[in-house]
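Observations on chain architecture
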Amino acid sequence: MSVVVIGLSHRTSPVELRERFAFADEKIPGALAALRASGIASEATILSTCNRVEIYTATPLAPETAFAELKKFLVAHHAYDKTLGDEIYSFAEPHSLQHLFKVASGLDSMVIGETEIFGQLKSAYELALAHQHTGVRLNKAFQRAFNVAKHIRTATNIQRGSVSVMSAAVELAEKIFSSLAEHEVLVIGAGETSEKTARALQSRGVKKITVTNRSPERAAALAAELGGRAVPFENWPDEFERIDIAISSTAAPQHILDRAKLEPLMKRRKNRPLLLIDIAVPRDIDPAVNALDNVYLYNVDDLQSIADDYLNLRKEEVAHCEKIIAEKVAALFSATDLHR
Amino acid sequence: MSWFTDRHFFLLAVAFYGLSMLYSVFLWRKGFRRDEWVNYFLLAAGVALHTLAMIKRGLTLQSCPVNNLYEATTFLLWALGLACLIYSLLPRFKFLAAFTAPVLFTVGIFALMPSLDPPHGLKPDFSNWLRSLHAATILQSYGAFGLAAVAAAMFLMQQHDLKFHKLRALLSLLPSIQRLELITLRLTLVGFILFTVGLVTGSQLPRPAGDAYLSDPKVLWSALMWLVYLELIVARVFFGRSTRRFTIGVVLTFVFLLLTFGITNHFSSLHNQ
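Residues numbered from 1 in each chain as written. Chains lettered and ligands numbered in written order. Predicted model: local features only at pLDDT ≥ 70, side-chain atom pairs only at ≥ 80, totals over all residues. Heavy atoms only, no water.

1. A short note on the sheet that holds strand 4 (residues 89-91) of chain A
All names here are of chain A. Strands sit in the order 2-3-1-4 across an open sheet of four strands; the sheet is antiparallel. At either end of the open sheet lies a strand with only one pairing partner, and these are strand 2 (43-48) and strand 4. Going across the sheet, the axis of each strand differs from the next one's by a mean of 15°, ignoring polarity. For strand 1 (residues 2-9) and strand 3 (residues 52-59), the ladder comprises eight bridges, and the chain directions are antiparallel. Residue pairing for strand 3: G7 is matched across the bridge by E54. The strands that helix 3 (residues 63-77) touches are strand 1, strand 3 and strand 4; relative to strand 1, the one it contacts most, it runs at about 40°. Relative to strand 3, helix 4 (residues 95-104) is tilted by about 140°, and along the sheet it contacts strand 1, strand 2, strand 3 and strand 4. (Pairing = 2+ DSSP bridges. Helix = DSSP H or I, 4+ residues; strand = E, 2+ residues; numbered from the N terminus. Axes fitted to C-alpha atoms, helices over the stretch in contact; angles between N-to-C directions. Contact = heavy atoms within 4.5 Å.)

This is the structure in structure tokens:
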């Protein structure tokens, strides 16, 4: 009896194929029961997310036979009538366990180190456990995978830093201000990215959000959604005395804020630090304002560059994480013996 | 172990400050990304040895060891080191030690010059509580000004990195610049209050015959330092001077204090009795 895995992910297949093989949550218990009834697996768990579909099994069959049977099951279950090639991958022990540990740790994710997959894997395992489709082998393998993922999270930098424009903006704000709860945000232009950035700041404690937009209705709607207030577009400079973070994403063809306009505003603010996040293209804020004291201007490229640098740092950590995983898998096979 | 004098203890303390400084260079090169205690313990070992050196000297003299330039400088450094160890316990302030170590090491090397520690002649009489209060508050104020300069240097580094979009600003485990500015201002205020108390108590001390306060270089220098710190605080608190100018002022004023402290002390007849 050994643990094997078969599946397809964002690395091997396009989204059209992944969605074709995806399992709806409510259909997973039935699929697991069918899989066990077929004799291919004595224990099984199905992980189905937007980026991967994987079947983990403890099987009495030889790995090569198990791979062929599992592939047949997958194709038959989804009534897929075309030929599958390299889109499907399969691993036998010990690589199956290494793969499971990598998935749990976010090393195999599209955004390396992301944590959402950990929750998805846990839900998949708990679903199989609740319907009694797991046993000693898969229980041990999955529980060890969760422990290893937690260890990797604390012992390495794989999850460090912001890998999205929104979270990079939040991190910057936290490096400038002691506590976001004491600062107000002005959203100029009610676009989608500015809304997401404002929400990200809100989730980190920002209490007051003011929204302004050329269309007052859109401003009022977003303000209501964010629990803030709307102000007429002509009046947004008056808000600068109170706010400390401004997110700008208007469709204006030229700068709406330049040095000549900001200088007197900074005097009225008594030179308190001001974080300007310009996510508009073309840019809303003249880059020359960054030369003013206590003004910190970041445009969308700056934020993207931060996110990319963080992603590169995460990639540099992968080798370290893989070493930990190799050690943990070896320990699982020696001291505790997975098959006992 | 009678050959092992208080100066040997201080020499060892300076060696630990030197190790801490070297480790600080390593931390700086790594972008202050590792949250760890090595540097803190190196500095703590230095301060412990430094304390032993001061106790040993104090016991020998049977008085507070601030009788010559060596003793005054070591007292100043000790106040700075101790305050740094305490402030480093605040969340995200562990790297204060990395910024303080270079000051402790370089000024410590300066203090070790034998000419700064001549054999004592007549010692100041510290049985007078006012005299003790004067010496203690003045030296503690220098410690507070020194730590304010260290926090200001951290602010300037972090602000530069944020302004020029350097990833180190986000990767480093330093406090927010707003917090660093607040700490700099508070430490400057604490230093200023202690300095004022020190100057007021000094003015109440009996004046030796033939000496005029206003012609003593140390007194004039102290008055100048007091005015400079007053200007820094008033301009920042009441006139909204930019944080950058304020922190640069705090760093430069402390550097000036360090560079001129010894010279004015040397030429002051009031402080060489």
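2. As for the sheet that holds strand 9 (residues 274-278) of chain A
All names here are of chain A. Within the open sheet, the six strands sit side by side as 7-6-5-8-9-10. Their pairing is parallel. Pairing within the sheet leaves two strands with one partner each, and these edge strands are strand 7 (229-232) and strand 10 (295-299). Each strand of the sheet is rotated relative to its neighbour by a mean of 20°, with strand direction disregarded. Relative to strand 6 (residues 208-213), strand 5 (residues 184-188) runs parallel, the two being bridged by five bridges. Bridge pairing in strand 6 links I188 to T212. Along the sheet, helix 7 (residues 165-176) makes contact with strand 8 (245-248), strand 9 and strand 10, crossing strand 9 at roughly 170°.

3. Considering the packing of aromatic side chains
Inspection of every chain in the model, using the stated rule, returns 20 aromatic pairs over all chains. Seen from their ring centres, Y56 of chain A and F142 of chain A are 5.5 Å apart, and the 80° between their planes marks the pair as edge-to-face. Of the two residues, Y56 of chain A sits in strand 3 while F142 of chain A sits in helix 6 (residues 136-155), which places them 86 residues apart along the sequence. Here Y56 of chain A falls in the buried class, since its relative accessible area comes to 1%. Residue classification places F142 of chain A among the buried residues on the basis of a relative accessible area of 1%. Where W236 of chain A meets F240 of chain A, the ring centres are 5.6 Å apart and the plane angle is 50°; that geometry is what we call tilted. Of the two residues, W236 of chain A and F240 of chain A, neither departs from the other in class, the shared state being buried. Positioned above the aromatic ring of F146 of chain A is the side chain of K122 of chain A, whose terminal nitrogen or guanidinium carbon lies 5.7 Å from the ring centre. Over the ring of Y296 of chain A we find K163 of chain B; its NZ or CZ atom is 5.5 Å from the centre of that ring. (Phe/Tyr/Trp six-rings, centres within 6.5 Å; stacked < 30°, edge-to-face > 60°. Buried < 20%, exposed > 50% of the residue type's maximum accessible area, 1.4 Å probe, protein only. Lys NZ or Arg CZ within 6 Å of the ring centre and 35° of its normal.)

4. Thoughts on the packing of helix 7 of chain A against helix 8 (residues 192-203) of chain A
Residue and element names in this part refer to chain A. The contact between helix 7 and helix 8 brings their axes to 9 Å, and the two run at 45°. Viewed along their axes, helix 7 and helix 8 adopt a mutual orientation that is oblique. The handedness of the crossing between helix 7 and helix 8 is right-handed. Side by side, helix 7 and helix 8 meet where M166, A169, V170 and A173 of the first sit next to T193, K196, T197, A200 and L201 of the second. Classifying every residue of the contact of helix 7 with helix 8 gives six nonpolar, two polar and one charged. (Parallel < 35°, antiparallel > 145°, perpendicular 65-115°, else oblique. Left-handed = near helix turned anticlockwise from the far one by under 90°. Nonpolar A, V, L, I, M, F, W, Y, C, P; charged D, E, K, R; others polar.)

5. A few points about helix 11 (residues 300-334) of chain A
Residues and elements named next belong to chain A. Helix length check: helix 11, at 35 residues, gives a terminal C-alpha distance of 50 Å against a target of 51 Å (1.5 Å per residue), a fit within 8%. Maximal helix bending in helix 11 amounts to about 35°, located at V318. For helix 11, the N-terminal capping position is held by N299, with its side-chain oxygen 2.9 Å away from the main-chain nitrogen of D301. (Expected span 1.5 Å × (residues − 1). Bend = angle between axes of the 7 residues up to and from the residue. Polar contact = N/O pair within 3.5 Å; in protein donor to acceptor, adjacent residues only side chain to side chain.)

6. Remarks on unusual backbone geometry
All names here are of chain A. Of note, the amide linkage connecting E93 to P94 takes the cis form, showing an omega dihedral of 0°. Along the chain, P94 falls in the loop between strand 4 and helix 4. Cis geometry marks the peptide bond from V281 to P282; its omega dihedral reads 0°. As for its placement among the helices and strands, P282 is situated in the loop between strand 9 and strand 10. Here N271, not a glycine, exhibits a phi torsion of approximately 60°, which is positive. By the element assignment, N271 lies in the loop between helix 10 (259-268) and strand 9. In this model, N294 sits at a positive phi of 65°, which is unusual for a non-glycine residue. By secondary structure assignment, the location of N294 is in the loop between strand 9 and strand 10.

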